[in-house]
Amino acid sequence: SWSDGNIEGSGVARYASGIVYEGDFKSGKTHGKGTITYPDGYVYSGDWLEGVKQGRGEATFADGSKYLGEFLNGEREGTGTLVLADGFRYTGQWKAGDIHGTGTAEYTNGDIYEGEFQDGKRWGEGTLKYVSGQVETGTWEDGVLVKPAE
């Protein structure tokens with residue numbers, strides 16, 4: 001429905017750009033639960049707050065990669081899982097759209113890192129278990145083990 005020239009309640013909005021939003025509106029903005037689909041294949045389905053992705057949601061990218069987790073101010077923030085089309089998988093904490101905090105990364109070659117990350121890189125305390133059976137534990141900086149555990 002319309003109120004003072006704004007969409008209110010549930011409905012579908014189709015834009016000239018090809019974007020389609022189906023869900024809840026408040027004061028003309030996406031607000032509540034809804035799904036937005038872009039012409040390039042990107043789809044977000046989840047929580048909205050005053051026109052911004054906020055809360056829990058799932059984002060599916062054109063290449064088939066998916067993120068399921070928390071959003072804040074339109075970015076991945078909090079906890080979530082990202083699975084890339086090539087098989088890389090990360091489950092853990094996010095900050096401002098980047099892998100940041102504690103989590104587990106499963107690499108396409110079978111290696112698994114559990115520990116701390118900063119700006120998408122292994123950074124802090126963690127353990128990397130190689131598919132070969134080798135294990136490296138200690139302090140990481142910029143993706144490199146700088147101080148092995150004793």
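Here, the structure is the one placed above.
Rules of the game
Throughout, residues of each chain are indexed from 1 in the direction in which the sequence is written. Only residues with pLDDT of at least 70 are given local features in this predicted model, and only at 80 or more are side-chain atom pairs given and counted; all residues enter the totals for whole chains, interfaces and linings. Values reported for side chains reflect all heavy atoms of the structure, with hydrogen atoms and water molecules removed beforehand. Under the DSSP-based scheme used, a helix requires at least four consecutive residues in state H or I and a strand at least two consecutive residues in state E, with every element numbered from the N terminus. As a reference, a globule follows 2.2 Å times the number of residues to the power 0.38, and the radius of gyration itself is taken over C-alpha atoms. Note on exposure labels: buried denotes an accessible area under 20% of the residue type's maximum, exposed denotes more than 50%, and partly exposed covers the range between, all computed with a 1.4 Å probe on protein chains only. Counted charges follow a simple rule, with Lys and Arg positive, Asp and Glu negative, and His plus the chain ends left uncounted. For the purpose of locating charges, the reference atoms are NZ of Lys, CZ of Arg, CG of Asp and CD of Glu. In the sections that follow, a salt bridge refers to a side-chain nitrogen of Lys or Arg positioned within 4 Å of a carboxyl oxygen of Asp or Glu. Here a pair means two rings of Phe, Tyr or Trp (six-membered ring of Trp) with centres within 6.5 Å. Their orientation is stacked below 30 degrees between planes, edge-to-face above 60, and tilted elsewhere. When the NZ atom of lysine or the CZ atom of arginine is within 6 Å of a ring's centre and also within 35 degrees of its normal, the charge is said to sit over that ring. The set of buried Ala, Val, Leu, Ile, Met, Phe, Trp, Tyr and Cys residues whose side-chain atoms join them within 4.5 Å is what this entry labels a nonpolar core. The contact definition used throughout considers only heavy atoms, calling two residues in contact when any of these lie within 4.5 Å.

Novice: For this particular structure, what's the right way to read the overall build of the protein chain?
Specialist: Looking only at helices and strands, one finds zero helices and 15 strands in the protein chain. In summary, the protein chain has a C-alpha radius of gyration of 19 Å against a globular reference of 15 Å for 150 residues, an excess of more than 25%. If one aligns the C-alpha atoms of the protein chain with their principal axes, the spans along those axes are about 65 × 25 × 20 Å. In the protein chain, buried positions account for 31% of the 150 residues. Taken as two groups, the 14 positive and 24 negative side-chain charges of the protein chain have centres that lie 3 Å from each other.

Novice: Honestly, the pattern of salt bridges in this entry has me stumped. Any pointers?
Specialist: Side chains that differ in charge, positive against negative, can pair when their charged atoms come close. Taken as a whole and assessed by the stated rule, the structure comprises four salt bridges. Between Lys 33 and Asp 47 there is a salt bridge whose closest N-O contact spans 2.5 Å. Within this pair, whereas Lys 33 is found in strand β5 (residues 29-37), its partner Asp 47 is found in strand β6 (residues 43-49), the two being separated by 14 residues in sequence. Lys 129 is paired through a salt bridge with Glu 114; the nearest N and O atoms lie 3.8 Å apart. Taken as a pair, Lys 129 in strand β13 (residues 121-129) and Glu 114 in strand β12 (residues 112-118) lie far apart in primary sequence, 15 residues in all.

Novice: Looking at this structure, I do not really get the packing of aromatic side chains. What am I missing?
Specialist: Two aromatic rings, taken as a pair, are described by how far apart their centres are and by the angle between their planes. All told, the structure shown has 13 aromatic pairs when counted by the stated rule. Ring centres of Tyr 44 and Trp 48 lie 5.2 Å apart, and the angle between their planes is 85 degrees; on these two criteria the pair is classed as edge-to-face. Assigned by exposure class, Tyr 44 and Trp 48 land together as buried. Seen in terms of ring centroids, Phe 88 and Tyr 107 are 5.5 Å apart; in terms of plane orientation they differ by 50 degrees. Their pairing is tilted. Taken as a pair, Phe 88 in the loop between β9 (75-83) and β10 (89-95) and Tyr 107 in the loop between β11 (98-106) and β12 lie far apart in primary sequence, 19 residues in all. You can call Phe 88 buried: its relative accessible area is 14%. Note on Tyr 107: relative accessible area 25%, which makes it partly exposed. Through a chain of ring-to-ring contacts, the aromatic side chains of Tyr 21, Phe 25, Tyr 44, Trp 48, Tyr 67, Phe 71, Tyr 90, Trp 94, Tyr 113, Phe 117 and Trp 140 assemble into a single cluster. Taking NZ or CZ as reference, Arg 76 lies 5.6 Å from the ring centre of Tyr 67, over its face. Sitting above the plane of the Tyr 113 ring, Arg 122 keeps its charged end 5.8 Å from the centroid.

Novice: What is the right way to look at the nonpolar core in this model?
Specialist: One recurring pattern in soluble globular proteins is that nonpolar side chains are buried together. Core analysis: the biggest nonpolar cluster contains 21 residues, and Ile 36, Tyr 44, Tyr 90, Trp 94 and Phe 117 have the highest contact counts within it. Going through the elements one at a time, β4 (20-26), β6, β8 (66-72), β10, β11 and β12 are the ones with two or more residues in this core. Residues contacting Phe 117, with those up to four places away along its chain left out, are Tyr 90, Ile 99, His 100, Gly 101, Gly 103, Thr 104, Ala 105, Tyr 107, Arg 122 and Trp 123.

Everything listed here is a matter of geometry and, on its own, says nothing about what the molecule does.
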